[in-house]
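# Structural overview
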Number of protein chains: 2
Amino acid sequence: MKPRITLKNIAKEFGVSISTVSKALKGSHEISEETRERIQAYADYYNYKPNSLALQLRSQKTSVIGVIIPEIVHHFFSTVINGIEQYANERGYNVMICLSNESYEKEVSNISMLTNGSVDGLIVSIARETQENQIYKHFDALIKDDFPLVLFDRVVDSIKCDKVIIDDIGGAIKATDHLIEIGSKRIALLTTQDYISVGSLRKEGYIKSLIKNGIKVDENLIYKIDDKRDLYEQIKKVINVKNPPDAILAVNEIYAAIASKISKERGLVIPNDIAIIGFTSGLISEFTSPSLTSVMQHGALMGKQAAELLINRIEHKGVDEDYQKEVISPNLKIRESTKR
Amino acid sequence: MKPRITLKNIAKEFGVSISTVSKALKGSHEISEETRERIQAYADYYNYKPNSLALQLRSQKTSVIGVIIPEIVHHFFSTVINGIEQYANERGYNVMICLSNESYEKEVSNISMLTNGSVDGLIVSIARETQENQIYKHFDALIKDDFPLVLFDRVVDSIKCDKVIIDDIGGAIKATDHLIEIGSKRIALLTTQDYISVGSLRKEGYIKSLIKNGIKVDENLIYKIDDKRDLYEQIKKVINVKNPPDAILAVNEIYAAIASKISKERGLVIPNDIAIIGFTSGLISEFTSPSLTSVMQHGALMGKQAAELLINRIEHKGVDEDYQKEVISPNLKIRESTKR
DNA sequence: TATAAACACGAAAACGTTTTCGAAAGTTAA
DNA sequence: TTAACTTTCGAAAACGTTTTCGTGTTTATA
């Protein structure tokens, strides 16, 4: 790579000082018009661009925000990043992305790398392993130093910072209410292991709705799917039984899609024999047939809000208002799988 | 945010010079064991981390690679980024992501931003608008400065740099061959406008396979879908006709999924009446029913290879070997939609 | 004509680090 | 006792900027 041209190069070329060149290129009135124009022309010709590292070092500001997510090959996280990137750009920030791969170790090392001066703030969704072990001291260290931090989606109450989350309880209530409205009596819940915060919140909403509607909660209809084992086998045990449920609420799109496939294979008609709703973050629900009613998660909006909170926090350095918690309400996209 | 602790702070604390502190923390033998241990303990206690901006400025190396992609909410690009990130991390690099949103302007400004010293090299997939207008001077400028650059997927021959691409022609041939093998006679092609390079390459493979198998190419079976108009309407015109094709090759997953839906709505049985194959980059094909046979694109592998080419180029600064072009062969994942 | 103001520029510090070179002590050997 | 080494540290340059504070020259004013 050819070395880039610097102020020093230009200064030597014209036999002037570095400060003169700097001022000339910034259009300072301190420099005579003649000198300024000559320097400007030369700089243009050689495509001078100020070295951003030097600027960052001097100004103690990088205009970069770091994002740490569990994985990127996941439609929900892609949409969040999209939201972050769009908004950050508008405010003059760039985005640096790191993946924790759901690993505690990697999350810690990512945070350590990014907070050595390369970013002005951090947006994080916590790794599964971290939530499992409930070790949050790497976050507490950030808080102690007042490092700008925003958590989204997978958050933890004990970490004192700005947060943006989805109203998972409300979303699950909406979905369950809808299933009940269309006449479902035995609604199965496909959820995750308890330590996944969103899974247990959605379960909470499901239960609330049942109680509100005077339906007895049947623990046998609540299935905790283990992501590390075969999903088909686990979900078959829900549907391929003598007396299958007449509706399913799945806490993510994959579970819902698999439930749909298995139902059809067993000869059940959707939505008449069995209605299906999934929390969604992708395109599958839209393109399967029948298309699946979904609780829409608004990832892009989430990203935008997270970026907004973070940048505000970065730029109002002095002010330390209370930490904010933005709650995004998911809405129900009704499709064929619940149109009885 | 609390100001971070620096060498200067520590030096003042112990009444020694900055260089002594620096050496002590690097375990230099020049420093007495006693001094070294005291300084180390203090630094540990206050969680000293060298400011990476200062290091980067001094070493003229950022260990960051920039990635510019058309959009991130697209499974294919997510997998590529995943591949890039994994490999880059192994080699000690971080990843900075920018989106061009298919816009020429944004691509230019992204390149300009990233090449001002904030990254050591660039991995790019060219924006649609850029390919449409065929203006590549922003890339030529990079080449002229020997700036490390790797293009992937959407590449342009005239830009002289390392590239990694998918063998789109071969993939389309494999798919078409397979459709012919299972007895298809009238194979429709759902492709994109001509200026999209991958679209026209896949069309080329489709035609080659037909010719090879002695089937006459029927231009009326080649449909150029316009992404800016309603996809359902356009694809309906392919299937909802008196004499529909008995097989469909779609150049992406969405087209394939829509074709599948419309076929079922029209009462056609997949794969008996109509077989379907799509180039894939997502999960839809796997979870619809029937599941769709796909040409698998191996995005993660692509990302890994792109990162490998780039980092090698960055690190062998002096050596300028010829530019490499890696070609990845897609393979056919046979699913229900072609099992006659 | 003397003084003040305006103009055009340079020196140097600052951001935080690494590294080369030199130098003052202390130690060893002859 | 003297010469040669070793040990332990500091000064300063370098990376590329911006910005404050001079300073010398010219022009305007009284």
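Not measured: the values here are computed from a predicted model.

### Remarks on the overall build of chain A
- Check the secondary structure of chain A and you find 14 helices and twelve strands.
- By the compact-globule yardstick of 20 Å for 340 residues, chain A is too spread out, its C-alpha radius of gyration being 27 Å.
- C-alpha extents for chain A along the principal axes are approximately 90 × 40 × 30 Å.
- Buried positions account for 55% of the 340 residues belonging to chain A.
- For chain A, long-range pairs separated by at least 24 residues make up 72% of all intrachain contacts whose partners lie at least 6 apart in sequence.
- Summed over its atoms, the accessible surface of chain A is roughly 15,100 Å², and 50% of this surface lies on carbon and sulfur atoms.
- Distance from the positive charge centre (44 side chains) to the negative charge centre (45 side chains) of chain A: 2 Å.

### Things to note about the protein's contact with DNA strand C
- Around DNA strand C, the structure places 28 residues, and the nearest of them are Thr 20 and Lys 23 of chain A together with Leu 7, Tyr 48 and Arg 58 of chain B.
- Protein-adjacent atoms of DNA strand C, using a 4 Å cutoff, are sugar or phosphate at a proportion of 62%.
- Between a phosphate oxygen of DNA strand C and a side-chain N or O atom of Thr 35 of chain A, the distance comes to 3.0 Å.
- Between a base oxygen of DNA strand C and a main-chain N or O atom of Arg 58 of chain A, the distance comes to 3.5 Å.
- For the surface near DNA strand C, the elements supplying multiple residues, two or more each, are helix H2 (18-25) and helix H4 (52-59) of chain A together with helix H1 (7-14), helix H2 (18-25) and helix H4 (52-59) of chain B.

### Describing the protein's contact with DNA strand D
- In the vicinity of DNA strand D lie 28 residues, with Ser 22 and Arg 58 of chain A together with Thr 20, Lys 23 and Ser 32 of chain B positioned nearest.
- Counting only the atoms of DNA strand D within 4 Å of the protein, the fraction contributed by sugar and phosphate is 62%.
- Within the side chain of Ser 22 of chain A, a nitrogen or oxygen atom sits 2.7 Å from a phosphate oxygen of DNA strand D.
- Side-chain polar atom of Glu 30 of chain B to a base nitrogen of DNA strand D: 2.8 Å apart, as the coordinates give it.
- Looking at the surface near DNA strand D, the elements that each hand over two or more residues are helix H1 (7-14), H2 and H4 of chain A together with H2 and H4 of chain B.
- Broken down by element, the residue count for the surface near DNA strand D peaks at four residues, all from H2 of chain A.

### Some words on the interface of chain A and chain B
- Of the residues lining the interface, 57 residues belong to chain A; the matching set on chain B comes to 57 residues.
- Summed over both partners, the interface of chain A with chain B comes to about 5,000 Å²; 57% of that surface belongs to carbon and sulfur atoms.
- Summed over the shared surface of chain A and chain B, the result is two salt bridges.
- Here Lys 106 of chain A and Glu 85 of chain B are joined by a salt bridge, their closest N and O atoms 3.7 Å apart.
- Across the chain A-chain B interface, the total number found is 23 residue pairs in polar contact (both at pLDDT 80 or more).
- Counting residues per element, the ones that place at least two in the side of chain A that touches chain B are H4, helix H5 (75-90), strand S2 (94-99), helix H6 (104-114), helix H12 (253-265) and helix H13 (284-287) of chain A.
- Take the side of chain A that touches chain B: its biggest share by element is eight residues, from H5 of chain A.
- As defined by bridge partners, S2 of chain A adjoins strand S2 (residues 94-99) of chain B across two bridges and the pair is classed as antiparallel. The partner of Ile 97 of chain A across the bridge, within S2 of chain B, is Val 95 of chain B.

### Focus: the pairing of strand S6 (residues 187-191) of chain B
All names here are of chain B.
- Burial analysis of S6 places five of its five residues in the buried class, the great majority of the element.
- Of the two faces of S6, the one holding Ile 187, Leu 189 and Thr 191 and the one holding Ala 188 and Leu 190 are both buried throughout.
- Strand direction decides the pairing type here: S6 and strand S8 (residues 247-250), joined by four bridges, are parallel. Among the inter-strand pairings, Leu 189 is bridged to a residue of S8, identified as Leu 249.
- With three bridges joining them, S6 and strand S7 (residues 222-224) adopt parallel strand pairing. Following the sheet pairing, Leu 190 is matched in S7 by Tyr 223.
- In this fold, the crossover linking S6 to S7 by way of helix H10 (residues 197-212) has right-handed handedness.

### What about the relation of the copies chain A and chain B?
- At an RMSD of 0.1 Å, chain A and chain B line up after a rotation of 180° and a shift of 0.0 Å along the axis. On the angle and the small slide along the axis, the relation comes out as a two-fold axis.

### Observations regarding the pairing of S8 of chain B
All names here are of chain B.
- Burial along S8 is two-sided: Ala 247 and Leu 249 facing one way and Ile 248 and Ala 250 facing the other are all buried.
- When S8 meets strand S9 (residues 275-280), the two strands line up parallel, connected through four bridges. When the bridges of S9 are listed, Ala 247 appears paired with Ala 275.

### Some points on the pattern of salt bridges
- In total, this model carries 29 salt bridges over all chains according to the counting rule given.
- Asp 157 of chain A is the partner of Lys 325 of chain A in a salt bridge, and the nearest nitrogen-oxygen pair spans 3.6 Å. One end of the pair, Lys 325 of chain A, is in strand S11 (residues 325-328); the other, Asp 157 of chain A, is in the loop between strand S4 (149-152) and strand S5 (162-166), with 168 residues separating them in the sequence.
- Overall, Lys 325 of chain A belongs to the partly exposed group, its relative accessible area being 46%.
- Between Lys 212 of chain B and Asp 177 of chain B there is a salt bridge, with its nearest N and O atoms 2.8 Å apart. Here Asp 177 of chain B lies in helix H9 (residues 168-181) and Lys 212 of chain B lies in helix H10, a separation of 35 residues in the sequence.
- Owing to a relative accessible area of 55%, Lys 212 of chain B belongs among the exposed residues under this scheme.
- Classification of Asp 177 of chain B as buried rests on a relative accessible area of 18%.

Rules and cut-offs
Residues numbered from 1 in each chain as written. Chains lettered and ligands numbered in written order. Predicted model: local features only at pLDDT ≥ 70, side-chain atom pairs only at ≥ 80, totals over all residues. Heavy atoms only, no water. Helix = DSSP H or I, 4+ residues; strand = E, 2+ residues; numbered from the N terminus. Rg over C-alpha atoms; globule rule 2.2 N^0.38 Å. Buried < 20%, exposed > 50% of the residue type's maximum accessible area, 1.4 Å probe, protein only. Contact = heavy atoms within 4.5 Å. Areas by Shrake-Rupley, 256 points an atom, 1.4 Å probe, with all protein chains shown as cover. Lys, Arg positive; Asp, Glu negative; His and termini not counted. Charge placed at Lys NZ, Arg CZ, Asp CG, Glu CD. Near = heavy atom within 4 Å. Polar contact = N/O pair within 3.5 Å; in protein donor to acceptor, adjacent residues only side chain to side chain. Buried area = accessible area lost by both parts, 1.4 Å probe. Salt bridge = Lys/Arg side-chain N within 4 Å of Asp/Glu carboxyl O. Pairing = 2+ DSSP bridges. Right-handed = clockwise from strand over helix to strand, strands pointing away. Least-squares fit on C-alpha atoms with pLDDT ≥ 70 in both.

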